[in-house]
Amino acid sequence: MLEVIVFLNVLALTLIISVGFLSRLLGSPFSWYDELASVCLAWLTYYGAALAAIKGAHIACPSVINMAPPSIRLPVALLGELFTIGFFVLLGITGYQVVQILEGSTMVSLTSVSLQITQSVIPIGSALFIIAQLLRLPEVIKSARGAGFIDHELEEAGIPANPVADSRHHDTSTMSRQPS
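Our subject in this report is the structure included herewith.

Calculation criteria
- Residues numbered from 1 in each chain as written.
- Predicted model: local features only at pLDDT ≥ 70, side-chain atom pairs only at ≥ 80, totals over all residues.
- Heavy atoms only, no water.
- Helix = DSSP H or I, 4+ residues; strand = E, 2+ residues; numbered from the N terminus.
- Buried < 20%, exposed > 50% of the residue type's maximum accessible area, 1.4 Å probe, protein only.
- Contact = heavy atoms within 4.5 Å.
- Areas by Shrake-Rupley, 256 points an atom, 1.4 Å probe, with all protein chains shown as cover.
- Phe/Tyr/Trp six-rings, centres within 6.5 Å; stacked < 30°, edge-to-face > 60°.
- Salt bridge = Lys/Arg side-chain N within 4 Å of Asp/Glu carboxyl O.

### Considerations on the overall build of the chain
Phase 1: The number of helices and strands found in the chain is nine helices and zero strands.
Phase 2: Along the chain, helices (α) and strands (β) appear in the sequence α-α-α-α-α-α-α-α-α when read from the amino end.
Phase 3: Among the 180 residues that make up the chain, the fraction classed as buried is 29%.
Phase 4: For the chain, contacts bridging at least 24 residues in sequence account for 69% of all contacts bridging at least 6.
Phase 5: In the form shown here, the chain has an accessible surface area of approximately 11,500 Å², with 69% of it arising from carbon and sulfur atoms.

### A short note on the packing of aromatic side chains
Phase 1: Enumeration according to the criterion identifies four aromatic pairs in this entry.
Phase 2: Arranged with centres 5.1 Å apart and planes meeting at 90°, the rings of phenylalanine 87 and phenylalanine 88 form a pair that is edge-to-face.
Phase 3: In this structure phenylalanine 88 comes out as buried when scored by relative accessible area, which is 13%.
Phase 4: A network of ring pairs unites the aromatic residues Phe87, Phe88 and Phe129 as a single cluster.

### With respect to the side chain of serine 23
Phase 1: Mapping serine 23 onto the fold places it in helix H1 (residues 2–25).
Phase 2: Apart from residues no more than four positions distant in its own chain, serine 23 is found in contact with Ser28, Pro29 and Phe30.

### Brief notes about the pattern of salt bridges
Phase 1: The full count for this structure, using the stated rule, is two salt bridges.
Phase 2: The salt bridge involving lysine 55 is made with glutamate 3; its shortest N-O contact spans 2.7 Å. Remark: glutamate 3 occurs in helix H1 and lysine 55 occurs in helix H2 (residues 33–55); sequence separation between them is 52 residues.
Phase 3: Between glutamate 139 and arginine 136 there is a salt bridge, with its nearest N and O atoms 3.1 Å apart. Separated by three residues within a single helix, glutamate 139 and arginine 136 lie in helix H6 (residues 121–145), roughly one turn from each other.
Phase 4: For arginine 136, a relative accessible area of 14% corresponds to the buried category.

### Concerning the environment of valine 99
Phase 1: Following the sequence through the fold, valine 99 ends up in helix H4 (residues 70–101).
Phase 2: Relative accessible area serves as the criterion here: at 13%, valine 99 is assigned to the buried category.
Phase 3: The spacing of valine 99 and serine 114 is 15 residues in sequence and 10.0 Å in space, taken between C-alpha atoms.
Phase 4: Apart from residues lying up to four places away in sequence, valine 99 is in contact with Gln116, Gln119, Ser120 and Pro123.

### Side note on the environment of arginine 145
Phase 1: Topologically, arginine 145 is positioned in helix H6.
Phase 2: Taking the C-alpha atoms as reference points, arginine 145 and proline 70, 75 residues apart in sequence, are found 5.2 Å from one another.
Phase 3: For arginine 145, the contacting residues outside a window of four places in its chain are Pro70 and Leu74.

Right under this line is the structure:
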């Protein structure tokens with residue numbers, strides 16, 4: 001569902017910016033496109049972060065954590081999860097307070113659109129991020145106790161960073177064979 005939301009948000013943002021560009025090019029710019037594009041970008045940021053969290057692709061330092069033995073790796077990983085969830089709990093509470101404060105306020109250029117709707121992404125996105133972190137918690141525990149975390153950045157660069165990545169990229173049966 002998050003993939004659909006992020007895709008639709010990218011599509012909407014692309015259309016809004018294209019319409020805004022064309023209206024400026026034709027000499028009669030729309031007054032609303034700039035403000036609406038900013039809102040869409042904020043929504044894309046929050047929903048995209050939740051999508052990245054559910055896939056385990058948010059900011060992390062897996063190679064550094066992998067250097068530690070599993071006995072230390074697990075508490076460090078759990079502490080990181082606790083800090084991340086704690087941050088998003090605070091952000092969600094604060095975002096909810098902001099939404100309450102904005103009651104009766106509207107966008108400047110689209111006065112029919114409530115700022116409560118545009119800013120609702122803060123508590124909603126925070127809740128989605130927390131849910132994503134909690135859903136991935138068993139995988140985090142398994143990786144911390146096992147061979148370690150996969151460093152997706154090193155993996156994308158073609159550099160195996162740990163035994164998990166090594167086993168996924170190399171078949172040991174073919175490595176021992178030499179061409180005759």
